[in-house]
Every structure is written in structure tokens, then in C-alpha cells.
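Chain residues, written in single-letter form:
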Amino acid sequence: MRAAVARDNRLVVEDIDDPIPGPGEALVAVRACGICGSDLHALQFAERLVEVMGESGVSTSFDPARDYVMGHEFSAEVLDFGPGTTDAPVRVGDLVTAFPVAITASGIEPIGAYSNVYNGGYAERMRLTAALCLRVPNGLDARRAALTEPMAVGRHAVARGAVTERDAALVLGAGPVGLAVVAELRRLGLDTVVVSDFSPRRRAVALAMGATDAVDPARDDAAEVASRAASGKQLVVFDAIGVPGSLTLAIKAAPMLSRVVVVGSCMEPDTVTPLLAQTKQLTVAFSFAYDPIEFADTLRSIAEGEIDVTPMLTGTCGLDAVADAFVALGDPEDHVKILVEPGGPSGVHSL
């Protein structure tokens, strides 16, 4: 089958072995797969990511010096099952998505991120743990179903911040992660969600997805705008930027006795002044990924119209143009979220 293979910090489209499902596994044909910001980072910083995983106490057999296929934001059609798989919650022909890990005899293996064993969605086919597959409900199309994974990141971040509808929020950064946070805040019913981003296009998308105000930090102080809009409500600040200095920016923006949630992934060393957060008596929470219940309920929320992911879908590409799509995503005025559609036409196409 054809796949976009990560090799030596670049993407190469070529034929690789077809995945063969084992017991308890489903063979699926990829219909759509989102390009995640973490994929952009992994292509350049995979070695560092492995180091951080080790420092965190997470064991991994992933070797970035070997070939791997990314893509963990996927929807796919079930083609077949491995031998002895009789209790799968889905059937052949179903459109599914899945929590992107495989349950194996030796433990849990990531799918589409940091695995040399299980290829991700930048390929024509994949193998998944059948028990983790979720049938896409309500006739939801493959493109929107593929965004279950990134939207679940926003769901988890808001939960980590213990946000309720009585709070107000300031979201720093309107990339896909920040937009996922905005969508979840909107779903919860917050009436004050201020977003800060330099990009006019991304500010417009943030407003379309539920932000009540979108600030250009080159012109206005987002913290002041958010504090005025909060009208005495507790302000929760989300760092959805994830670059050196953005955590300090979030701490400075947060008022006394408030909360900061770090959801953007900074891949480089950073420094903060602990006394700044200490004197404000801030609660700082770090958020990563999501749990299976959050993942499943995010799919339900999208399918039932509680979350509209349409505004952030800006482009599609075939397998041959994944590398071009990585470049295009470097310009915030060009694209927000590009979906890889293995059976689609060549090139990157705007929606």
C-alpha cells in the first residue's frame, strides 16, 4: 500500500507492506486523517520527544531513526477483522474512529504517533484494536469524524482547568488546539471566551467556533480585554501556543487566585519566574491528550451538533502532497487544519 513515511526528518511517499490484522484487530481503509501540530514537531524533534518520554518515566520502543508513519486523527472504513475476532463492536463497512492506541500482548502501543509497529493514517490502510473502534453515528461524514481526536484534546484541557459555565476564559493561541478549547468552552455554555492570536484568519475561525471576542495582541492587551469582559467572573487562562515564553505570558495574564492551563506543547527548554505565579497564588495545570470516555463523548458531541468543527477545516490533500501540506500549515493565513485523504486527488486543495 502507499504511505507517507517519515524518514530522516522528511516525508517520503512510497509503497510499504500491507498491514495484516492479528487476533482482536480490525483492518480499516483510511478515509480522512488530520495533520496535527505534534506531527509537524515530531518530524523535526522526534529524538527529543523520546528523551522527554524517558525522563517522564514512559517506556517506549519507538526508534525515530527507523521508518514510521504518522497520523492519529483519523476516520476509516472497516474492511476485515483478524482471526478469532468475534466480539468487535463494529462491522465490516462501518465508518469508525478509534482511540489511537493498540492493545497488545506486551502492552499499549501508540498508533500514528511514535510507533515503528503500527502505521498511522498517512497511509491507505491501518490495523486497529477492534474493541476500541467507535462507529461514527448520525451519518457524520469522514472529514468531521476525523477531528474527534483533536477536539478531545480541548475537552480534556477544559476539564483539567475545572472550568464551569460560571467562569470566563482567555485562550492564548487560535491554532487547532486553541480552537478545540474554544469549542469545548462554547459547549459548556461560557458567555465570555476571549481569544488572542496574531493571525486574522485564525481569529475569524475562533469567532466562528464560539469565541466572544478575538484580540490581535499586536494592537490590544488580551489580558485587559478578558478582564473587562469577565465582569467579576473567575478568569481561566489557557496557554495554547506552546513556545518558549508563552507560559510566562499566560501567568502574567492570569489574575490573582486564578487558574492557568498549559495545553500547547512546548518542545524546547523554557524558563519562568516562579515567584510571579506564587505571589498571584495561581493554580497551574498541565494538560495532555484525553481519556477514552472524553474521546467517545467528543465524537458524540460532534455528531449531535454540540460542536461544529466545520470552520477549522480548510484543506485536503492526497498522500503525494502530505509534505506540501506540512509546509502550508506553517502559514497561519494559509490553512488551519488539512486532512489527508489517501484516495483523494493529488495536491493540496482548499475547502
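First things first, this report covers the structure right here in the doc. Quick caveat, the model's predicted, so the values are computed rather than measured.

### Overview of the overall build of the protein
Each helix and strand counted, the protein has 10 helices and 18 strands in total. Taken along its principal axes, the extent of the C-alpha atoms in the protein is 60 × 40 × 40 Å. Burial statistics for the protein: of 351 residues in total, 54% are counted as buried. Counting only contacts in the protein whose residues sit at least 6 apart along the sequence, the fraction spanning at least 24 positions is 71%. The protein carries 28 positive and 46 negative side-chain charges, and their two centres are separated by 5 Å.

### Observations regarding the environment of Gly161
Its place among the elements puts Gly161 in the loop between helix H3 (148-160) and strand S10 (168-172). Residue Gly161 is classed as buried on the basis of its relative accessible area, which comes to 2%. Spatially, the C-alpha atoms of Gly161 and Ser59 are 28 Å apart, while their sequence positions differ by 102 residues. If sequence neighbours within four positions are ignored, Gly161 has contacts with Arg259 and Val261.

### Some thoughts on the environment of Leu147
The residue Leu147 is located in the loop between helix H2 (142-145) and H3 in this model. Look at Leu147 and you get buried, because its relative accessible area is 0%. Separated by 62 residues in sequence, Leu147 and Met209 place their C-alpha atoms 14 Å apart. Other than its neighbours up to four places away in sequence, Leu147 contacts Glu73, Ile302, Val309, Met312, Leu313, Lys337 and Leu339.

### What about the pattern of salt bridges?
One pass over the structure, following the stated rule, counts 21 salt bridges. In this structure, Glu77 and Arg31 form a salt bridge, with 2.7 Å as the shortest nitrogen-oxygen distance. Taken as a pair, Glu77 in strand S4 (residues 73-81) and Arg31 in strand S3 (residues 25-34) lie far apart in primary sequence, 46 residues in all. Overall, Glu77 belongs to the partly exposed group, its relative accessible area being 26%. The partly exposed category is assigned to Arg31, whose relative accessible area is 35%. With its nearest N and O atoms 2.6 Å apart, the salt bridge here joins Asp191 to Lys233. A residue pair is termed long-range when its members are at least 10 positions apart, and Asp191 in the loop between helix H4 (176-188) and strand S11 (193-196) and Lys233 in the loop between helix H6 (222-230) and strand S13 (235-239) qualify at 42 residues. On the accessibility criterion, Lys233 (29% relative accessible area) is partly exposed.

### A short note on the packing of aromatic side chains
This structure, assessed with the given rule, holds 6 aromatic pairs. Their ring planes at 85° and their centres at 5.4 Å tell us that Phe99 and Tyr290 sit as a pair that is edge-to-face. Linking Phe99 in the loop between strand S5 (95-98) and strand S6 (101-104) with Tyr290 in the loop between strand S15 (283-286) and helix H9 (292-303), this pair joins segments that are 191 residues apart in sequence. Pair check on accessibility: Phe99 and Tyr290 agree, each one buried. Judged by centre distance (5.7 Å) and plane angle (40°), the rings of Tyr290 and Phe295 are tilted. Assessed through its relative accessible area of 1%, Phe295 is described here as buried. An aromatic cluster of at least three residues, connected via ring pairs, comprises Phe62, Tyr68 and Tyr114. Residue placement shows Arg127 over the ring face of Tyr118; its charged tip is 3.9 Å from the ring centre.

### Overview of a nonpolar patch on the surface
The grouping of Ile241, Val243 and Leu249 at the surface amounts to a nonpolar patch, some 230 Å² of accessible area in total. The topology assignment puts Leu249 in helix H7 (residues 246-253).

### A word on the sheet that holds S11
Read across the sheet, 6 strands follow the order S12-S11-S10-S13-S14-S15 without closing on themselves; strand pairing throughout is parallel. Where the open sheet ends on each side, the last strands, each with one partner, are strand S12 (213-215) and S15. With direction set aside, neighbouring strand axes in the sheet form an average angle of 20°. In the sheet, S10 pairs with S13 via 5 bridges, with the strands oriented parallel. Residue pairing across strands places Leu172 opposite Asp239, the latter belonging to S13.

### So, the side chain of Ser258
Positionally, Ser258 belongs in the loop between H7 and strand S14 (259-262). Residue classification places Ser258 among the buried residues on the basis of a relative accessible area of 0%. A distance of 2.5 Å separates the side chain of Ser258 from the backbone oxygen of Pro255, its partner in a polar contact. Those residues within four positions of Ser258 in sequence are excluded, and the remaining contacts are Gln234, Leu235, Gln281, Leu282 and Thr283.

### Side note on the environment of Leu95
Tracing the chain through its elements places Leu95 in strand S5. You can call Leu95 partly exposed: its relative accessible area is 22%. Non-local contacts of Leu95, meaning those with residues more than four positions away in its chain, are made with Arg31, Ser75, Ala76, Glu77, Leu134, Arg135, Val136, Leu140, Asp141 and Ala142.

Parameters at a glance
- Residues numbered from 1 in each chain as written.
- Predicted model: local features only at pLDDT ≥ 70, side-chain atom pairs only at ≥ 80, totals over all residues.
- Heavy atoms only, no water.
- Helix = DSSP H or I, 4+ residues; strand = E, 2+ residues; numbered from the N terminus.
- Buried < 20%, exposed > 50% of the residue type's maximum accessible area, 1.4 Å probe, protein only.
- Contact = heavy atoms within 4.5 Å.
- Lys, Arg positive; Asp, Glu negative; His and termini not counted.
- Charge placed at Lys NZ, Arg CZ, Asp CG, Glu CD.
- Salt bridge = Lys/Arg side-chain N within 4 Å of Asp/Glu carboxyl O.
- Phe/Tyr/Trp six-rings, centres within 6.5 Å; stacked < 30°, edge-to-face > 60°.
- Lys NZ or Arg CZ within 6 Å of the ring centre and 35° of its normal.
- Patch = residues over 30% accessible without salt bridge, like charges linked within 9 Å, V, L, I, M, F, W, Y side chains within 5 Å.
- Areas by Shrake-Rupley, 256 points an atom, 1.4 Å probe, with all protein chains shown as cover.
- Pairing = 2+ DSSP bridges.
- Axes fitted to C-alpha atoms, helices over the stretch in contact; angles between N-to-C directions.
- Polar contact = N/O pair within 3.5 Å; in protein donor to acceptor, adjacent residues only side chain to side chain.

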